[in-house]
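# Structural overview
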Amino acid sequence: IWGHDEIPTGRTISYAHSMGIPWLYTEAYGAGRIHTGDLRMMTQGIHNLLTHLEILPAPIRTPEIRWMLRGEGNTDTGISASHDGFLIIKVELLQEVVQGELLGLLVNLLGEQLDKYCAPGPGIVALIRSFPVIKRGDSLFLIAERES
């Protein structure tokens, strides 16, 4: 579960919120494809929602909550690429990191380092851009805080 204290403007959820429309969104590993586990999770989530709304007469199956995260979740303010290049990722999604820990390297076609990206503070890696081809300005990493 990733809670957000603020909702960035210009999003579908910020519009729904401003209109008083209840909203919910999900995140998954993504990377331009659907993983079997993510599909099962989302299908069960829809089933649970329909049960909660009394549209389906079935029991709700509550998943195990592995992480309680907090952070704005705004990919526009995450760690962004300084150059075009290729990203070499040095961490895993949902890995706990400390301030200054190496997240990834940006290299050129010859493998020469253009930049390195480190955690701005302690937290959990909540987003990694998994496509290796990077354009300047692409969001690469987001670090969320772990709730106690």
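Description of the structure in this document. None of the values given here were measured: they were computed from a predicted structure.

The next point concerns the sheet that holds strand β4 (residues 85-89). In spatial order, the strands read β7-β6-β4-β9; together these four strands make up an open sheet with antiparallel pairing. Here the strands that pair on one side only, and so sit at the sheet edges, are β7 (113-118) and β9 (133-134).

Okay, the environment of S80 next. Position of S80 among the secondary structure elements: in strand β3 (residues 79-80). Spatially, the C-alpha atoms of S80 and G137 are 5.2 Å apart, while their sequence positions differ by 57 residues. Apart from residues lying up to four places away in sequence, S80 is in contact with Y117, G137, D138, S139 and L140.

The next subject is helix α2 (residues 36-52). In a regular helix each residue adds 1.5 Å, so 17 residues correspond to 24 Å; α2 covers 24 Å between its end C-alpha atoms and thus fits that length. Restricting attention to buried positions, one finds in α2 the residues D38, Q44, N48 and T51. All buried residues of α2 lie within an arc of 150 degrees about the axis, which places them on one face of the element. Residues T36 and I46 are exposed on α2 and point more than 90 degrees away from its buried face. Phi turns positive one or two residues past the end of α2, at E54, with a value near 60 degrees.

Time to look at a nonpolar patch on the surface. A cluster of nonpolar side chains, contributed by L24, L49, L53, I55 and L56, occupies part of the molecular surface with about 480 Å² of accessible area. On the accessibility criterion, L56 (32% relative accessible area) is partly exposed.

Structurally, the position occupied by D138 is in the loop between β9 and β10 (139-146). Within polar-contact distance, the side chain of D138 engages the backbone nitrogen of K135 at 2.8 Å.

Right, let's get into unusual backbone geometry. Across the chain, the bulk of peptide bonds are trans and the bulk of non-glycine residues have phi less than zero. Its identity as a non-glycine residue notwithstanding, E54 has a phi of 60 degrees, on the positive side. Position of E54 relative to the elements: it lies in the loop between α2 and β2 (69-70). The class of E54 is exposed, set by a relative accessible area of 72%. One non-glycine residue, L94, lies in positive phi territory at about 70 degrees. With respect to the helices and strands, the residue L94 is situated in the loop between β4 and β5 (96-97). On the basis of relative accessibility, which here comes to 22%, the residue L94 falls in the partly exposed class.

Tracing the chain through its elements places A144 in strand β10. With 54 residues separating them in the primary sequence, A144 and K90 have C-alpha atoms 17 Å apart. Excluding anything up to four places from it in sequence, A144 contacts W2, L69, R70, G123, I124 and A126.

Bringing the pairing of strand β8 (residues 123-128) into the picture now. The buried fraction of β8 amounts to five of the six residues, a majority that puts the element mostly inside the structure. As paired strands, β5 and β8 are joined by two bridges and run antiparallel to one another. Each residue of the ladder has a partner; that of E96, found in β8, is I124. Sheet topology note: the β8/β10 ladder contains four bridges and is antiparallel. Residue pairing in the sheet places I124 in a bridge with A144 of β10.

Definitions and cut-offs
- Here the residue numbering is sequential within each chain, running from 1 through the sequence in written order.
- Predicted model: local features are reported for residues with pLDDT of at least 70 only, side-chain atom pairs are reported and counted for 80 or more only, and whole-chain, interface and lining totals are derived from all residues.
- Values reported for side chains reflect all heavy atoms of the structure, with hydrogen atoms and water molecules removed beforehand.
- Two strands pair under a simple rule: DSSP has to find at least two bridges between them.
- For the purposes of this entry, the term helix denotes a DSSP run of H or I that reaches at least four residues, the term strand denotes a run of E that reaches at least two, and both are numbered from the N terminus.
- The contact definition used throughout considers only heavy atoms, calling two residues in contact when any of these lie within 4.5 Å.
- By this rule, a helix spans an expected 1.5 Å times one less than how many residues it contains.
- Summary of the burial criterion: residues with accessible area below 20% of their type's maximum are buried, those above 50% are exposed, and those between are partly exposed, where the area comes from a 1.4 Å probe applied to protein chains only.
- It is the directions from the helix axis to the C-beta atoms whose arc is reported.
- A residue counts toward a patch only above 30% relative accessible area and without a salt bridge, and it is joined to like-charged neighbours within 9 Å or, for Val, Leu, Ile, Met, Phe, Trp and Tyr, to nonpolar neighbours within 5 Å.
- What sets the accessible areas is the Shrake-Rupley method with a 1.4 Å probe; for residues, cover comes only from the shown protein chains.
- One speaks of a salt bridge when a side-chain nitrogen belonging to Lys or Arg is within 4 Å of a carboxyl oxygen belonging to Asp or Glu.
- Residues adjacent in sequence count toward polar contacts only when both atoms are side-chain atoms; beyond that, a polar contact is any pair of N or O atoms within 3.5 Å, and within protein one must be able to donate a hydrogen and the other to accept it.

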